[in-house]
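Residue-level structural notes
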Amino acid sequence: MRKIRAEIKANGKTSLDFIGFVGEQCTEEEERIRKAMLDLGVMLEPKRIKIKTDRQIGEEIKHSQKI
Amino acid sequence: MSRIGWYKSRIRIANVSTAYPKTRQQTMRSHASNIEANPAFQILKRSVEIVAKENHGSLTNFVVDQYGSKKKCRLAVKTAKFKRGVGISIDSKTGKVNFLYDSYGGYDETAKRITEQVTQNYVAISLIRVMKSMGYNVVEQKSKSPSSVILEGQL
């Protein structure tokens with residue numbers, strides 16, 4: 001199951017956590033979201049990107065299978 | 001490959017009329033009438049309405065300074081704690097959203113909080129719309145921090 005968890009802080013700073021995406025899927029999905037957000041007037045300017053480790057991805061998949 | 005990204009948000013209400021080059025006067029008139037039909041402006045209005053409701057306030061179209069002088073603006077919200085109000089103006093050339101208020105007399109934090117709430121609501125409403133349009137089932141989650149909004153979208 002693919003999931004996006006977004007946190008929007010009071011100052012507008014936003015984080016997008018892509019969970020359960022395989023390969024380049026999350027990069028493509030992130031680009032689609034940023035483009036669609038721009039169409040609605042929100043420019044999401046990347047500040048930091050953290051690539052998840054294989055272990056983190058494995059745990060996420062295991063967790064989503066339990067659910 | 002999954003990842004986490006952190007982003008800074010900037011809001012701009014696109015000037016619809018710039019897509020069709022016109023004389024300066026026509027562009028200005030067109031901008032004034034078009035902007036309210038712009039989906040981005042509708043989101044901005046909704047964001048301000050939510051702030052007004054949450055702070056026991058109301059939506060107006062002017063702010064007042066410390067001397068009681070009124071200044072008209074496109075949208076404004078006055079709350080129980082800040083009756084002078086926080087106004088919103090949109091730069092007709094760039095679409096940049098500017099907040100307008102007189103915080104003299106110790107209202108800095110109160111006014112700033114209102115501007116932050118408007119921005120936060122705007123980003124949250126936009127993100128909900130975007131994720132839904134991409135087929136996600138979006139729910140709002142309870143946040144550990146009272147000042148954060150957490151959204152979870154599932155495919």
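If you're wondering where the values come from, they're calculated on a predicted model, not measured in any experiment.

What counts as what
- Residues numbered from 1 in each chain as written.
- Chains lettered and ligands numbered in written order.
- Predicted model: local features only at pLDDT ≥ 70, side-chain atom pairs only at ≥ 80, totals over all residues.
- Heavy atoms only, no water.
- Contact = heavy atoms within 4.5 Å.
- Buried area = accessible area lost by both parts, 1.4 Å probe.
- Salt bridge = Lys/Arg side-chain N within 4 Å of Asp/Glu carboxyl O.
- Polar contact = N/O pair within 3.5 Å; in protein donor to acceptor, adjacent residues only side chain to side chain.
- Helix = DSSP H or I, 4+ residues; strand = E, 2+ residues; numbered from the N terminus.
- Nonpolar A, V, L, I, M, F, W, Y, C, P; charged D, E, K, R; others polar.
- Pairing = 2+ DSSP bridges.
- Expected span 1.5 Å × (residues − 1).
- Buried < 20%, exposed > 50% of the residue type's maximum accessible area, 1.4 Å probe, protein only.
- Axes fitted to C-alpha atoms, helices over the stretch in contact; angles between N-to-C directions.
- Phe/Tyr/Trp six-rings, centres within 6.5 Å; stacked < 30°, edge-to-face > 60°.
- Lys NZ or Arg CZ within 6 Å of the ring centre and 35° of its normal.

Contacts between the two partners involve 38 residues from chain B and, on the opposite side, 48 residues from chain A. Summed over both partners, the interface of chain B with chain A comes to about 4,300 Å²; 59% of that surface belongs to carbon and sulfur atoms. Here chain B and chain A share 4 salt bridges between them. Linking chain B with chain A are 24 residue pairs in polar contact (both at pLDDT 80 or more), by the criterion used here. Secondary-structure elements contributing two or more residues to the side of chain B that touches chain A are β1 (3-11), α2 (39-54), α3 (108-133) and β7 (149-154) of chain B. The greatest single-element share of the side of chain B that touches chain A, amounting to 12 residues, is contributed by α3 of chain B. Among the residues making up the side of chain B that touches chain A, the classes are represented as 20 nonpolar, 10 polar and 8 charged. Note that strand β2 (residues 14-19) of chain A and β1 of chain B share 4 bridges and pair antiparallel. Bridge assignment links L16 of chain A to a residue of β1 of chain B, and that residue is G5 of chain B.

Here we take up α2 of chain B. All names here are of chain B. Taking 1.5 Å per residue, 16 residues should reach 22 Å; α2 reaches 23 Å between its end C-alpha atoms and fits that length. For α2, every residue scored as buried is listed here: A40, F41, I43, L44, S47, V48, V51 and A52. With a side-chain oxygen lying 2.9 Å from the backbone nitrogen of A40, the N-terminal cap of α2 falls on N38.

Bringing the sheet that holds strand β3 (residues 42-51) of chain A into the picture now. Sheet architecture is open: 6 strands sit in the order β3(A)-β1(B)-β2(A)-β1(A)-β7(B)-β6(B), paired in antiparallel fashion. This sheet does not close on itself; its edge strands, each paired only once, are β3 of chain A together with β6 (137-141) of chain B. Looking at each pair of strands side by side, their axes are set apart by 20° on average, direction ignored. The strands touched by helix α1 (residues 25-39) of chain A are β1 (3-8), β2 and β3 of chain A together with β1 of chain B; relative to β3 of chain A, the strand with the most contacts, the crossing angle is about 160°. Contacting β1, β2 and β3 of chain A together with β1, β6 and β7 of chain B, α3 of chain B runs over the sheet at an angle of about 5° to β7 of chain B.

Moving on, we come to the packing of aromatic side chains. Scanning the model with the defined rule gives 2 aromatic pairs over all chains in all. Here F18 of chain A and F21 of chain A contribute two aromatic rings whose centre-to-centre distance is 5.6 Å and whose plane-to-plane angle is 80°, an arrangement assigned as edge-to-face. The same class applies to F18 of chain A and to F21 of chain A, which are both buried. Seen from their ring centres, F82 of chain B and Y107 of chain B are 5.2 Å apart, and the 45° between their planes marks the pair as tilted. Of the two residues, F82 of chain B sits in the loop between β3 (70-78) and β4 (86-90) while Y107 of chain B sits in the loop between β5 (97-100) and α3, which places them 25 residues apart along the sequence. Exposure remark for Y107 of chain B: the relative accessible area of 30% places this residue in the partly exposed category. Sitting above the plane of the W6 of chain B ring, R48 of chain A keeps its charged end 4.1 Å from the centroid. Positioned over the ring face of F62 of chain B is K70 of chain B, at 4.4 Å from the centre of the ring.

A separate point is the pairing of β1 of chain B. Sheet topology places β3 of chain A next to β1 of chain B; 9 bridges connect them, and they run antiparallel. Residue pairing in the sheet places R48 of chain A in a bridge with W6 of chain B of β1 of chain B.

Attention shifts here to the environment of K144 of chain B. Residue and element names in this part refer to chain B. Positionally, K144 belongs in the loop between β6 and β7. The exposure class of K144 is exposed, given its relative accessible area of 90%. The spatial distance from the C-alpha of K144 to the C-alpha of V77 is 28 Å, given a sequence separation of 67 residues.

Residue and element names in this part refer to chain B. With respect to topology, 4 strands assemble into an open sheet ordered β2-β3-β4-β5, the strand pairing being antiparallel. The sheet terminates laterally at β2 (58-64) and β5, the two strands that pair on one side only. Across this sheet, the average inter-strand angle for adjacent strands is 45°, counted without regard to direction. Here 4 bridges tie β4 to β5, and the two strands are oriented antiparallel to one another. Across the sheet, I90 pairs through a bridge with V97, a residue of β5. Across the face of the sheet, α2 comes into contact with β2, β3 and β4 while running at roughly 70° to β3. Along the sheet, α3 makes contact with β3, β4 and β5, crossing β4 at roughly 50°.

Any link to function would need more than the numbers given here.
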